[in-house]
Amino acid sequence: MSDESLINEIQDLNLTYLLLAQRMLQSDRASAMFRLKINDDMAELLLSLSARQLAKLSRTNQLLCRFGYEDAEQLRILTHQQREQDLSGFHSSLLMASRPPHSKPDETGN
Amino acid sequence: MSAKSPVTEMHQVQLAIELIELGARLQVLETETDLSRTCLTKLYKELRGKSPPKGMLPFSTDWFITWLPNIHASLFINIHQRLQEDCGCDRIDAFVRAFRLYQEQVQISDQETVLGLTRAWTLMRFFENDLLQLKDCTRCGGQFVIHAYAPAHDYVCGICHPPSRAGKTMRRAAALSALAATGGRKQG
């Protein structure tokens, strides 16, 4: 694949992502914030952007949406589950909804 | 109760309708709204076409610790906490949304709704009363429901380390043998 078509795909994906994000936020803001993993300020701002601004924003050679997993070890466990119980989608959903250990508010009570 | 505005009452009726449609028992509605029992019963009958079931709600924390319920409960409560802590929802608002998001995942994963709405509500209350808490699985790092104050230093979740008979319920066995009997094409 040539670099040019790659970049086109990235830009397409960026715009699709931004438009989807806006649509989600418009229909159910709180659930959308959960699905997108963004905070209130970001939700507010995204909603306020015009189509023109979104198009401008997507014109870059990097992806605007980030990977949902930060820990490769966690993803390895998820994808290499030994006993398949048809629960991998569930597991994935649960892991992404769990607050990652390092971002927890101090848990001195333990 | 005295100075109830029509708008507040309308919101409460909307909430009650939403909860009934999602499968709430009367006790849930009575706790979460200020509407009278008569009004709630009427709503229930109209929406579900039958009288609300009588009897007590399940009250044991142990059910949430058993294998499959634990996985479902953990997913639900994680979503609920994110909505409440990170997305600015108040508790009942977060509850309804979390339940819908949980059900979505159940559908996508081709599972059954193990955690019904009333169970989910009981779970939320157990968390609010510190009877249950979340614990990190030492393998996958996901957070799972455990009894509060239970010693669990090397906790491993039910997905990373399923019990030997996990998923082999009588119902599943029956379904599988029925499939085999009909010369089923689908494996597993």
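Criteria and thresholds
- Residues numbered from 1 in each chain as written.
- Chains lettered and ligands numbered in written order.
- Predicted model: local features only at pLDDT ≥ 70, side-chain atom pairs only at ≥ 80, totals over all residues.
- Helix = DSSP H or I, 4+ residues; strand = E, 2+ residues; numbered from the N terminus.
- Buried ≥ 20, exposed ≤ 12 C-beta atoms within 10 Å, placed from the backbone.
- Contact = placed C-beta atoms within 7 Å.
- Domains from an automatic or database assignment.
- pLDDT = per-residue confidence, 0-100.
- Axes fitted to C-alpha atoms, helices over the stretch in contact; angles between N-to-C directions.
- Left-handed = near helix turned anticlockwise from the far one by under 90°.
- Nonpolar A, V, L, I, M, F, W, Y, C, P; charged D, E, K, R; others polar.
- Pairing = 2+ DSSP bridges.

Student: Would you take a moment to explain the overall build of chain A for this structure?
Tutor: Along its length, chain A carries six helices and zero strands. Starting at the N terminus and walking to the C terminus, you meet the elements of chain A as α-α-α-α-α-α.

Student: What am I meant to see in the overall build of chain B here?
Tutor: Looking only at helices and strands, one finds seven helices and two strands in chain B. Starting at the N terminus, the α and β elements of chain B follow one another as α-α-α-α-α-α-β-β-α. Burial status across chain B gives 31% buried among its 188 residues. Nonlocal contacts in chain B, meaning residues at least 24 apart in sequence, comprise 48% of its contacts between residues at least 6 apart.

Student: Help me out: how do you make sense of helix α6 (residues 88-97) of chain A in this one?
Tutor: An α-helix turns once per 3.6 residues; consequently, residues spaced three or four apart project the same way. Of all the residues in α6(A), the buried ones are F90(A), H91(A), S93(A), L94(A), L95(A) and A97(A). Check the buried side of α6(A) and you find it contacts α5 (72-79) of chain A together with α4 (67-86) and α5 (91-108) of chain B.

Student: Help me out: how do you make sense of the domain arrangement of chain B in this one?
Tutor: Size of an interface, as often reported, equals the accessible area lost when the parts are brought together. Residues and elements named next belong to chain B. Looking at the assigned domains, one finds that chain B contains domain 1 (7-48) and domain 2 (62-170). One C-alpha centre belongs to domain 1, the other to domain 2; they are set 25 Å apart. With nine residues of domain 1 in contact, the opposing surface of domain 2 contributes seven residues. Sorting the residues of the side of domain 1 that touches domain 2 by element identifies α1 (6-22) and α2 (26-32) as the ones contributing at least two each.

Student: Would you mind showing me how to read the confidence of the model for chain A here?
Tutor: Low pLDDT means the predicted atomic positions in that stretch should not be read closely. Per-residue confidence for chain A gives a mean pLDDT of 88; residues scoring 70 or more make up 86%. The element-level mean pLDDT for chain A is lowest in α5(A), coming to 91, with helix α4 (residues 51-58) of chain A highest at 97.

Student: Any chance you could explain the packing of α4(B) against helix α6 (residues 117-128) of chain B here in plain terms?
Tutor: The angle between the axes and the distance between the axes are what describe a pair of packed helices. All names here are of chain B. Where α4 meets α6, the closest approach of the two axes is 11 Å, and the angle between their N-to-C directions is 65°. Along this stretch, α4 crosses α6, giving a crossing that reads as right-handed. Across the interface between the two elements, A73, F76, I77 and H80 from α4 touch A120, L123, M124 and F127 from α6. In terms of residue class, the contact of α4 with α6 is made up of seven nonpolar, one polar and no charged.

Student: Explanation requested: the confidence of the model for chain B in the structure shown.
Tutor: Residue and element names in this part refer to chain B. For chain B, per-residue confidence averages 89 on the pLDDT scale, and 87% of positions sit at 70 or higher. Confidence over residues 184-188 falls short of pLDDT 50; this stretch has two contacts with residues more than four positions distant or in other chains. Model confidence for the complex is summarised by a pTM of 0.87, with the ipTM given as 0.86.

Student: What is the right way to read the interface of chain A and chain B from this model?
Tutor: Between chain A and chain B, the contact holds 24 residues from the first and 29 residues from the second. Breaking the side of chain A that touches chain B down by element, the ones donating at least two residues are α2 (29-36), α5 and α6 of chain A. It is α6(A) that contributes the most residues to the side of chain A that touches chain B, seven residues altogether.

Student: I would appreciate a short explanation of the pairing of strand β1 (residues 132-136) of chain B in the present structure.
Tutor: Looking along a regular strand, one sees the side chains alternate between the two faces of the sheet. All names here are of chain B. Bridge analysis of β1 against strand β2 (residues 143-147) gives five bridges, and the strand direction is antiparallel. Pairing of L132 across the sheet is with H147, part of β2. The turn linking β1 back onto β2 is made up of six residues, and G141 within it adopts a positive phi angle of 80°.

Student: I'm lost on the environment of W63(B) in this one. Help?
Tutor: All names here are of chain B. Within the secondary structure layout, W63 lies in the loop between α3 (37-48) and α4. Between the C-alpha atoms of W63 and K42, which are 21 residues apart in sequence, the distance is 31 Å. Among residues more than four places away in sequence, those in contact with W63 are P58 and P69.

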